[in-house]
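This is what each chain is made of:
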Amino acid sequence: MDTRLFDYDLPETAIAQTPADRRDESRLMVVRRATGEVSHHVFREITDLLPARTRLFRNHAAVLPARLRGKRRGGGAVECLLLSPDTSPARWWCLIRPGKKLPIGAEFSLGDDATGKILAKKEGGETLVEFSFAHPAGTVRELALKHGEMPLPPYIRREGADDPRAASDRERYQTVYADPTRTVAAAAPTAGLHFTPEILGKLKADGHGFHDVCLHVGLGTFKPIQSETLEDHVIHREFYEIPAATCAALRDRAAGPRLCVGTTSLRACEDFARKCFANEPSPAELAAGFSGDAGLFLYPPAEFLSCDALLTNFHLPRSTLMCLVSAFLTPGSTEGIARLLDLYREALAKGYRFYSYGDAMLM
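The structure contained in this document is the topic of the report that follows. (Residues numbered from 1 in each chain as written. Predicted model: local features only at pLDDT ≥ 70, side-chain atom pairs only at ≥ 80, totals over all residues. Heavy atoms only, no water.)

Our focus in this paragraph is the overall build of the chain. Across its full length, the chain carries seven helices and 17 strands. In terms of overall size, the chain behaves like a compact globule, its C-alpha atoms giving a radius of gyration of 21 Å where 363 residues would be expected to give roughly 21 Å. Overall, the C-alpha framework of the chain stretches about 65 × 50 × 45 Å when taken along its three principal axes. Contacts spanning at least 24 positions in sequence make up 71% of the contacts within the chain whose residues lie at least 6 apart. Carbon and sulfur atoms make up 52% of the accessible area of the chain, which amounts to about 16,300 Å² in all. Mean positive and mean negative side-chain charge positions of the chain (45 and 46 charges, respectively) differ by 2 Å. (Helix = DSSP H or I, 4+ residues; strand = E, 2+ residues; numbered from the N terminus. Rg over C-alpha atoms; globule rule 2.2 N^0.38 Å. Contact = heavy atoms within 4.5 Å. Areas by Shrake-Rupley, 256 points an atom, 1.4 Å probe, with all protein chains shown as cover. Lys, Arg positive; Asp, Glu negative; His and termini not counted. Charge placed at Lys NZ, Arg CZ, Asp CG, Glu CD.)

Turning to the sheet that holds strand β3 (residues 55-59), a few remarks are in order. The nine strands are arranged β2-β1-β17-β16-β14-β3-β12-β13-β15 in an open sheet whose pairing can be described as mixed. Both outer strands of the open sheet, β2 (38-42) and β15 (290-294), are each paired with one neighbouring strand and no more. Each neighbouring strand pair of the sheet contributes to a mean axis angle of 25°, computed without reference to strand direction. Sheet analysis places strand β1 (residues 27-31) next to β2, joined by five bridges and oriented antiparallel. Residue pairing for β2: R27 is matched across the bridge by V42. In the packing of helix α4 (residues 244-251) onto the sheet, contacts are made with β3, β12 (209-215), β13 (238-242), β14 (258-261) and β15, and the angle to β12 comes to roughly 115°. (Pairing = 2+ DSSP bridges. Axes fitted to C-alpha atoms, helices over the stretch in contact; angles between N-to-C directions.)

By volume, the second largest pocket amounts to about 210 Å³. The wall of the second largest pocket is formed by 15 residues, among which R32, P51, D308, A309 and M363 lie closest to the centre. Of the residues contributing to the lining of the second largest pocket, the split by class is 10 nonpolar, one polar and four charged. (1 Å grid on protein atoms, 1.4 Å probe; cavity = no way out; pocket = protein on both sides within 12 Å on 5 of 7 lines; lining within 4 Å. Points joined across faces, edges and corners; volume = space filled by probe spheres on them. Nonpolar A, V, L, I, M, F, W, Y, C, P; charged D, E, K, R; others polar.)

It is worth spelling out the packing of helix α6 (residues 320-329) against helix α7 (residues 335-349) at this point. Relative orientation of the contacting elements α6 and α7 amounts to 105°, with a least axis distance of 8 Å. By the criterion of interaxial angle, the relationship of α6 to α7 is roughly perpendicular. Mapping the contact onto sequence places M322, V325, S326 and L329 in α6 and G336, I337, R339, L340, L341, L343 and Y344 in α7. (Parallel < 35°, antiparallel > 145°, perpendicular 65-115°, else oblique.)

Turning to empty space enclosed by the protein, a few remarks are in order. Taken as a whole, this structure holds three cavities of 30 Å³ or more when the rule is applied. Size it by volume and the largest cavity reaches roughly 210 Å³. Along the walls of the largest cavity sit 20 residues, with A188, T190, T263, H315 and L321 positioned nearest its centre. Broken down by secondary-structure element, the contributors of at least two residues to the lining of the largest cavity are α5 (263-276) and β16 (309-313). Along the lines of polarity and charge, the residues of the lining of the largest cavity split into 11 nonpolar, nine polar and no charged. By volume, the second largest cavity is sized at about 120 Å³. Lining the second largest cavity are 13 residues, with I235, R267, T320, L321 and L324 sitting closest to its centre. Of all elements in the fold, only α5 and α6 reach the threshold of two or more residues within the lining of the second largest cavity. Looking at the lining of the second largest cavity residue by residue, the classes come out as six nonpolar, five polar and two charged.

The next point concerns the nonpolar core. Within the largest apolar cluster, 69 residues are counted, with the highest numbers of intra-cluster contacts made by Y173, F272 and M361. With seven residues, the single largest contributor to this core is α6. Among all residues touching M361, those that are not within four sequence positions of it are L28, M29, V31, L310, L311, T312, F314, L340, L343 and Y344. L64, V78, L110 and A144 belong to the second largest nonpolar core, which has 21 residues in total. (Core = buried A, V, L, I, M, F, W, Y, C linked by side-chain atoms within 4.5 Å. Buried < 20%, exposed > 50% of the residue type's maximum accessible area, 1.4 Å probe, protein only.)

Turning next to α7. Taking 1.5 Å as the rise per residue, α7 with 15 residues should run 21 Å; its terminal C-alpha atoms sit 22 Å apart, in good agreement. For α7, the complete set of buried residues consists of G336, I337, L340, L341, L343, Y344 and A347. Along α7, the residues classed as buried sweep out an arc of 160° about the axis, all on the same side. Among the exposed residues of α7, those pointing more than 90 degrees away from its buried face are E335 and A349. Positive phi shows up at G351, right after α7, with a value of about 80°. (Expected span 1.5 Å × (residues − 1). Arc of directions from axis to C-beta.)

Here we have six strands rolled up into a closed barrel, ordered β5-β6-β7-β10-β9-β8, and antiparallel in their pairing. For this sheet, the mean angle separating the axes of adjacent strands, direction not counted, is 45°. Bridge count between strand β9 (residues 114-121) and strand β10 (residues 126-133): seven bridges; the pairing is antiparallel. Opposite T115, over in β10, you have S132 as the bridge partner. Lying on the sheet, helix α1 (residues 140-147) is in contact with β5 (67-72), β6 (77-85), β7 (91-97), β8 (107-110), β9 and β10; it crosses β10 at an angle near 90°.

This is the structure in structure tokens:
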């Protein structure tokens, strides 16, 4: 399948640089897949739009303030973006800028709290860094929580830590239901950014249910497809965890419609479904929940086992997320590709804002 099928023109002015003043003031495009009907709303109206007893599956991973700024030994700035821990808690795979000026063995300082040493490099640019701390009990996570900036995607521009918008990013680039004990994400599950405690309370009072999953969102989620065909693209892998109660809820189709909040939730739920629905593990086998490594690349004409509705933002051209959403729009066919492009054109014509801090679509 030609990757160019998932391309579209997006004016730079349509890329949201800041979130809406209030989370629930984002706009919401609602698409009825069966009829093709489209309607336009404000996000807070979602409480009146969902079918009775909808069960919302959401990614409660918290975003680590993973962007650290330091100095090279010989002078000059260093930016260190934490990606994932290695086998030792003091060693992390990172993205380093400027990478070429920091060869293996080079060191850099992170204020008075820590230093980093380059141990290894991969062809894709990932760098293994070993951290040493001024305090014996220091950890990489504590360093990030104290000094780090939120790892905003590259299309959201900030002028460093002194940018007045950077302080609010700590709150707004995080869902209100993020679990601080699960600070494992290198990017926010952005479809969940629109929810407020008030909306969650109203949905719960109206009989809707909530089920948590935890997908460790990686930066690969922003990586565009470089190959000419989808089949040649090697998708990134992301670790996920699903508690036992959520496993049971996913398998119980009769309890009410299943809505995945965001593509990260869908990726985890669909990977679980494909591994476990056919094998039918016993409740005893799932008593401790399920964890796995999601390497699913879903594109038309994929079918879906795990959910009946999807809440998502508007995605980058030629992205794996756009492929997934077009497949969900018309499962089992390729018609969703052209249909999604039509919906994106309609959104642009009506002034919707795109990407992480932008508006949402409910299918």
